[in-house]
Amino acid sequence: MNHTVSRSSGFLYTTILKPVFFAFDPESVHNLMVRFGTQLGRVRLTRWLLKSLWAYEHPSLVTQLNGVTFPNPIGLSAGFDYNGELTDVLPALGFGFHTIGTITLHPYAGNPRPRLVRLPRSQALLVNKGLKNRGARAIIANLKKRPFTIPVGISIASTNQHFANEKAQINDITTCFKLFEKSPLNHAYYELNISCPNTFGGEPFTTPSKLARLMVQMDKLKLQRPLFVKMPIDQGRAETLALLKTLARHKVQGVIFGNLTKDKANPAVHPDDRKTWLRHKGNVSGQPTRARSTQLIRLTRRQFGHRFTIIGTGGIFTAEDAREKLAAGADLLQLITGLIYKGPQVIGAINAELAEHRPRRRVTVSRVKN
Ligand SMILES: Cc1cc2nc3c(=O)[nH]c(=O)nc-3n(C[C@H](O)[C@H](O)[C@H](O)COP(=O)(O)O)c2cc1C
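This one's a predicted model, so the numbers in the text were calculated from it and none came from an experiment.

Participant: I'd like to hear about the pairing of strand S13 (residues 332-335), residue by residue, with values.
Facilitator: Both faces of S13 are covered, namely the face carrying Leu332 and Gln334 and the face carrying Leu333 and Leu335. Summarising the sheet, strand S3 (residues 74-76) and S13 pair through three bridges and their orientation is parallel. Note that in S13 the partner of Gly75 across the bridge is Gln334. Bridging between strand S12 (residues 309-313) and S13 involves three bridges; their strand directions are parallel. Bridged to Gly312 within S13 is Leu333.

Laid out in structure tokens, this is it:
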């Protein structure tokens, strides 16, 4: 990575490209970017060019966790590449890992539009996709054609539909995991998304008793890769600790704090954006999730020591935001909204600053054992 090129790219993105993108419908821009990114990733020359311009590599950034080697701690969070089309281009942008999904057993066309709205005064997005994706079988068939060059994770949740009962819903989730376990893909980890707020029937597994029943069935799968659970961020301290205690009794290697915020009273949401939120369905990413996710990371590290690998996500736009989450106890970080507001050079820029100011210690936690 060249620092001058990175700074100029950031300037060009925020002053020229972003205003143009932000003049159009966010979902159409996202779809265009995914198509463009897929094409860029197919050509060796553009991959090399992107990598030389923006990606930053340094031995101090390499992190080993749960038997997986992450070239750096900054990953793409679930929800951006929900059909797994960007596996070729993301390593060239400098990502250290990448979560595909959330994927469900059956395809879902998405909640009615608009399902993505920008909240620029709050540096946030209002999301109501409802786990739009092509379904596990189609995604596996497509991913089989491509090797992964950085650790890739598969995020799984129950299909966004009505279930006759809890058993049927759990069966939907475990069947999806089994498809990936049996597939020839060389993915590195799983995420279990129990906290998508935009689905039919809400978040069914965010109470300890229901979560415990899900985890009993998950344990039976004897997954060959680490499992990280994507947590809600709007629950209180006691409720969060109760969920963590439940998870600590099962074959779960890590937790991710966390998902979108549903809290319309969140003080980080600008009053004008709050009015927009009141007019649309959905929940919020970006800056309004930052403080809460950091608090829950700190709580988890203090109460559970190194029982869990912790992935911090929510409002990471700068190296300062990244350091805040690492200092609170996160081992790895993920982002989406920062990429959209700051531009693709932001990954390398954050990594470069992390390597410069805070050489990371290596953390090694044994693979898939609890
Ligand atoms: C457009 C969009 C779609 C998302 N979809 C998912 C999803 O399918 N599964 C999931 O676990 N999280 C999803 N999320 C939440 C993100 O993974 C992340 O937890 C959250 O946005 C906070 O990170 P950020 O502030 O860097 O965006 C989505 C977020 C956005 C912005």
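Next comes the rest of the description.
Participant: I'd love a proper account of the sheet that holds strand S10 (residues 254-257), names of residues and values included.
Facilitator: Strand pairing in a sheet relies on backbone hydrogen bonds. The paired strands run either parallel or antiparallel. Around the barrel, which closes on itself, the eight strands sit in the order S3-S4-S7-S8-S9-S10-S12-S13 with parallel pairing between neighbours. Within this sheet the neighbouring strands show an average axis-to-axis angle of 25 degrees, counted without direction. As defined by bridge partners, strand S9 (residues 227-231) adjoins S10 across four bridges and the pair is classed as parallel. Of the residues in S10, the one forming a bridge with Val229 is Val255. Taken strand by strand, helix H12 (residues 346-357) contacts S3 and S13, and its axis lies near 160 degrees from that of S3.

Participant: Which residues make up the pattern of salt bridges, and what values go with them?
Facilitator: Evaluated as defined, the whole model comprises 16 salt bridges. Of the charged contacts in the structure, one is a salt bridge between Arg121 and Asp273, with a shortest N-O distance of 3.5 Å. One end of the pair, Arg121, is in the loop between strand S5 (116-119) and strand S6 (124-127); the other, Asp273, is in helix H8 (residues 271-279), with 152 residues separating them in the sequence. Here Glu320 makes a salt bridge to Arg323, at a shortest N to O gap of 3.2 Å. Taken as a pair, Glu320 and Arg323 lie in helix H10 (residues 319-328) at a separation of three residues, close to a single helical turn. In this structure, a network of salt bridges that share partners links the residues Asp25, Glu27, Arg113, Arg115 and Lys132.

Participant: Outline the confidence of the model for the chain, listing residues and values.
Facilitator: Predicted confidence across the chain gives a mean pLDDT of 92, with 95% of residues reaching 70 or more. Segment residues 364-370: pLDDT under 50, and 23 contacts once partners within four positions in sequence are set aside and those in other chains are kept.

Participant: Before we move on, could you go through the sheet that holds strand S11 (residues 283-284) and cite the residues and values that matter?
Facilitator: Judged by pairing direction, the sheet is antiparallel, and its three strands sit side by side in the order S5-S6-S11 without closing on themselves. This sheet does not close on itself; its edge strands, each paired only once, are S5 and S11. Two strands pair when backbone bridges link them, and S5 and S6 are joined in this way by four bridges, in the antiparallel orientation. Bridge pairing links Arg118 to Leu125 in S6.

Participant: Summarise the packing of helix H6 (residues 208-220) against helix H7 (residues 237-248); cite the residues concerned and give the values.
Facilitator: Where H6 meets H7, the closest approach of the two axes is 9 Å, and the angle between their N-to-C directions is 20 degrees. For the element pair H6 / H7, the angle class is roughly parallel. At the point where H6 passes H7, the crossing takes the right-handed sense. Each of Pro208, Leu211, Ala212 and Met215 in H6 lies in contact with H7, whose residues at this interface are Ala242, Leu243, Thr246 and Leu247. Its residues assigned to classes, the contact of H6 with H7 comprises seven nonpolar, one polar and no charged.

Participant: Describe empty space enclosed by the protein, listing the residues and the values that go with them.
Facilitator: All chains considered together, the criterion is met by three cavities of 30 Å³ or more. Space inside the second largest cavity adds up to approximately 60 Å³. Lining the second largest cavity we find ten residues, and of these Met218, Lys222, Leu223, Leu227 and Lys251 sit closest to its centre. Looking at the lining of the second largest cavity residue by residue, the classes come out as five nonpolar, one polar and four charged.

Participant: Run through the site of the ligand, naming residues and quoting values.
Facilitator: Near the ligand, the surroundings consist of 22 residues, among which Ser77, Ala78, Thr102, Gly315 and Thr337 are the closest. Between a nitrogen atom of the ligand and a side-chain N or O atom of Thr102, the distance comes to 2.7 Å. Here Gly315 contributes a backbone N or O atom positioned 2.8 Å from an oxygen atom of the ligand. Protein coverage of the free-state accessible area of the ligand, which is 610 Å², stands at 95%. The residue inventory of the shell around the ligand, partitioned by class, reads eight nonpolar, 13 polar and one charged.

Participant: Outline the pairing of S10, supporting the account with residue identities and numerical values.
Facilitator: Of the two faces of S10, the one holding Gly254 and Ile256 and the one holding Val255 and Phe257 are both buried throughout. Each parallel crossover has a hand, and the one from S9 via H7 to S10 is right-handed. The pairing of S10 with S12 spans four bridges and is parallel. Paired with Val255 across the strands is Ile310, a residue of S12.

Participant: Go over the nonpolar core with me, naming the residues and quoting the values.
Facilitator: If you look at the biggest cluster of nonpolar residues, it comprises 83 residues, and the most contacted ones within it are Phe177, Phe180, Leu192, Leu214 and Met218. Residues contacting Met218, with those up to four places away along its chain left out, are Ile173, Thr174, Phe177, Leu192, Leu223 and Leu227. Core analysis: the next-biggest nonpolar cluster, separate from the first, contains ten residues, Phe70, Phe97, Ile311 and Leu332 among them.

Rules and cut-offs
Residues numbered from 1 in each chain as written. Predicted model: local features only at pLDDT ≥ 70, side-chain atom pairs only at ≥ 80, totals over all residues. Heavy atoms only, no water. Buried < 20%, exposed > 50% of the residue type's maximum accessible area, 1.4 Å probe, protein only. Helix = DSSP H or I, 4+ residues; strand = E, 2+ residues; numbered from the N terminus. Pairing = 2+ DSSP bridges. Axes fitted to C-alpha atoms, helices over the stretch in contact; angles between N-to-C directions. Contact = heavy atoms within 4.5 Å. Salt bridge = Lys/Arg side-chain N within 4 Å of Asp/Glu carboxyl O. pLDDT = per-residue confidence, 0-100. Parallel < 35°, antiparallel > 145°, perpendicular 65-115°, else oblique. Left-handed = near helix turned anticlockwise from the far one by under 90°. Nonpolar A, V, L, I, M, F, W, Y, C, P; charged D, E, K, R; others polar. 1 Å grid on protein atoms, 1.4 Å probe; cavity = no way out; pocket = protein on both sides within 12 Å on 5 of 7 lines; lining within 4 Å. Points joined across faces, edges and corners; volume = space filled by probe spheres on them. Near = heavy atom within 4 Å. Polar contact = N/O pair within 3.5 Å; in protein donor to acceptor, adjacent residues only side chain to side chain. Areas by Shrake-Rupley, 256 points an atom, 1.4 Å probe, with all protein chains shown as cover. Right-handed = clockwise from strand over helix to strand, strands pointing away. Core = buried A, V, L, I, M, F, W, Y, C linked by side-chain atoms within 4.5 Å.

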